[in-house]
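Descriptive structure summary
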Amino acid sequence: MTADIIDGKAFASNLKENIAHKVAHLKENYKLVPGLAVVLVGEDPASQVYVRNKNKSTLAAGMNSYEHLMNDDVSEADLIAKVEELNNDPKVHGILVQLPLPKHINEAAVIESIAPEKDVDGFHVINSGLMATGGKGMVPCTPLGCIMMLKDKLGNLSGLDAVVVGRSNIVGKPMAQLLLNESCTVTIAHSRTKNLAEVVGRSDIVVAAVGVPELVKGDWIKEGATVIDVGINRIEKEDGKTKLVGDVDFEEASKRAGAITPVPGGVGPMTIAVLLANTVTAACRQAGVDEPLNC
Ligand code: GUN
């Protein structure tokens, strides 16, 4: 079998087009312009690139983008004061504090200071609680993007065996929760899992989000399984140049899988598109407008 390649770039571009239409509709009919505020502390080059891309995509969708840059010696209290100012700003419907934060700042305290209805990352404990109990909160972008791609490929996920490799708060745990909400039988595997090959081998859906280059081997994959690779790892090749690889051995896995996301060009492009979708959802809820986006 040769796997279908799930084109995350095309998927994201479709989703962004939907979002831009919805934004135009909200402007025309409700004078509502969704606004996303991004707070960046310090000058980490990778974070700067992410924030710049978020800003560009937000503006391209016709939404308002507010960037707040703070020095890396900012105190936790001043950062939380900034978040509270944004909580109280009616033009701002979504707030994202770029992670990681400098070591002297307690990330959990900052995340918990974001108003849950503006928490477009879906990291606030209220939002994880709502997701776990079937409520209507904000859902983390990367896992939500993975679910959209899985449903697009497979339709109904009910009853399928799914494994999530990785247990981070940002991807692994919410991903497992969302798969459970779709009535999958879910296993969460991690660095202490005893027989990872066997667990992966019985799964119809494999989501790898562990941050270890090519940890998941091709011959572990069940014939016809759908493989979603969240990993983005830069590794050095034999010629000294670097390349990006995922958490799955793509070359070998694509010989057995039914469908697979590539790295780059799979899950990565979806994350920003879903962030925009979450911001539109947040704006609609805050304005009391009908629930959005057929996506
Ligand atoms: N840093 C890397 N990924 C993310 C993300 O999804 N949200 C935030 N806030 N920071 C990040």
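Just above sits the structure.
Residues numbered from 1 in each chain as written. Predicted model: local features only at pLDDT ≥ 70, side-chain atom pairs only at ≥ 80, totals over all residues. Heavy atoms only, no water.

Here we look at the pattern of salt bridges
- The full count for this structure, using the stated rule, is nine salt bridges.
- With its nearest N and O atoms 3.4 Å apart, the salt bridge here joins E85 to K82. Of this pair, E85 and K82 both sit in helix α3 (residues 76-87), three residues apart, which is roughly one turn of the helix.
- Overall, K82 belongs to the buried group, its relative accessible area being 17%. (Salt bridge = Lys/Arg side-chain N within 4 Å of Asp/Glu carboxyl O. Helix = DSSP H or I, 4+ residues; strand = E, 2+ residues; numbered from the N terminus. Buried < 20%, exposed > 50% of the residue type's maximum accessible area, 1.4 Å probe, protein only.)

Notes on the site of the ligand
- Neighbouring the ligand are L96, V97, Q98, L99, D121 and F123.
- Within the contact set of the ligand, a nitrogen atom lies 2.9 Å away from a backbone nitrogen or oxygen of L99.
- Between D121 and the ligand, the recorded distance is 2.6 Å, taken from a side-chain N or O atom to a nitrogen atom.
- Grouping the constituent residues of the shell around the ligand by class yields four nonpolar, one polar and one charged. (Near = heavy atom within 4 Å. Polar contact = N/O pair within 3.5 Å; in protein donor to acceptor, adjacent residues only side chain to side chain. Nonpolar A, V, L, I, M, F, W, Y, C, P; charged D, E, K, R; others polar.)

Topic: the sheet that holds strand β4 (residues 94-97)
- Taken in spatial order, the three strands make up an open sheet running β3-β2-β4, and their pairing is parallel. The two strands at the open ends of the sheet, each matched to only one other strand, are β3 (64-70) and β4. Across the sheet, the axes of successive neighbouring strands diverge by a mean angle of 15°, strand direction being ignored.
- Sitting on the sheet, helix α2 (residues 45-60) touches β2 (35-41), β3 and β4, and the angle it makes with β3 is about 160°.
- Running over the sheet, α3 touches β2, β3 and β4 and is turned about 165° from β3. (Pairing = 2+ DSSP bridges. Axes fitted to C-alpha atoms, helices over the stretch in contact; angles between N-to-C directions. Contact = heavy atoms within 4.5 Å.)

Focus on the pairing of strand β5 (residues 161-165)
- Among the five residues in β5, four count as buried, and that is most of the element.
- As defined by bridge partners, β5 adjoins strand β6 (residues 185-189) across five bridges and the pair is classed as parallel. Along β6, the bridge assignment pairs V163 with T187.
- Crossover connection from β5 via helix α7 (residues 172-181) to parallel β6: handedness right-handed.
- Two elements, β5 and strand β7 (residues 205-208), share four bridges in a ladder whose sense is parallel. Bridge assignment links V165 to a residue of β7, and that residue is A208. (Right-handed = clockwise from strand over helix to strand, strands pointing away.)

Here's the deal with the nonpolar core
- Core analysis: the biggest nonpolar cluster contains 52 residues, and I19 and L179 have the highest contact counts within it.
- Looking at this core, the elements that each hand over two or more residues are α1 (8-30), β2, α6 (141-154), β5, α7, β7 and α10 (267-287).
- Looking at this core, the element that brings in the most residues is α10, giving eleven residues.
- Not counting chain neighbours up to four residues away, the residues in contact with L179 comprise I147, L150, L157, A162, V164, C184, V186, I205 and V207.
- Formed by 19 residues, the second largest nonpolar core is a distinct cluster that contains L99, L101, V110 and I114. (Core = buried A, V, L, I, M, F, W, Y, C linked by side-chain atoms within 4.5 Å.)

Topic: α3
- Between the first and last C-alpha of α3 there are 16 Å, a value that for twelve residues agrees with the 16 Å anticipated at 1.5 Å per step.
- Those residues of α3 lying buried are L79, I80, K82, V83, L86 and N87. In a view along the axis of α3, the buried residues occupy a sector of 155°, so they form one face of it.
- On its buried side, α3 packs onto β2, β3, β4 and α4 (107-113). (Expected span 1.5 Å × (residues − 1). Arc of directions from axis to C-beta.)

Remarks on the environment of G94
- Within the secondary structure layout, G94 lies in strand β4.
- By relative accessible area, G94 is classed as buried at 0%.
- In sequence terms G94 and A37 are 57 residues apart; their C-alpha atoms lie 6.1 Å from each other.
- The residues touching G94, leaving out its near neighbours within four places in the chain, are G35, L36, A37, K118, V120 and T279.

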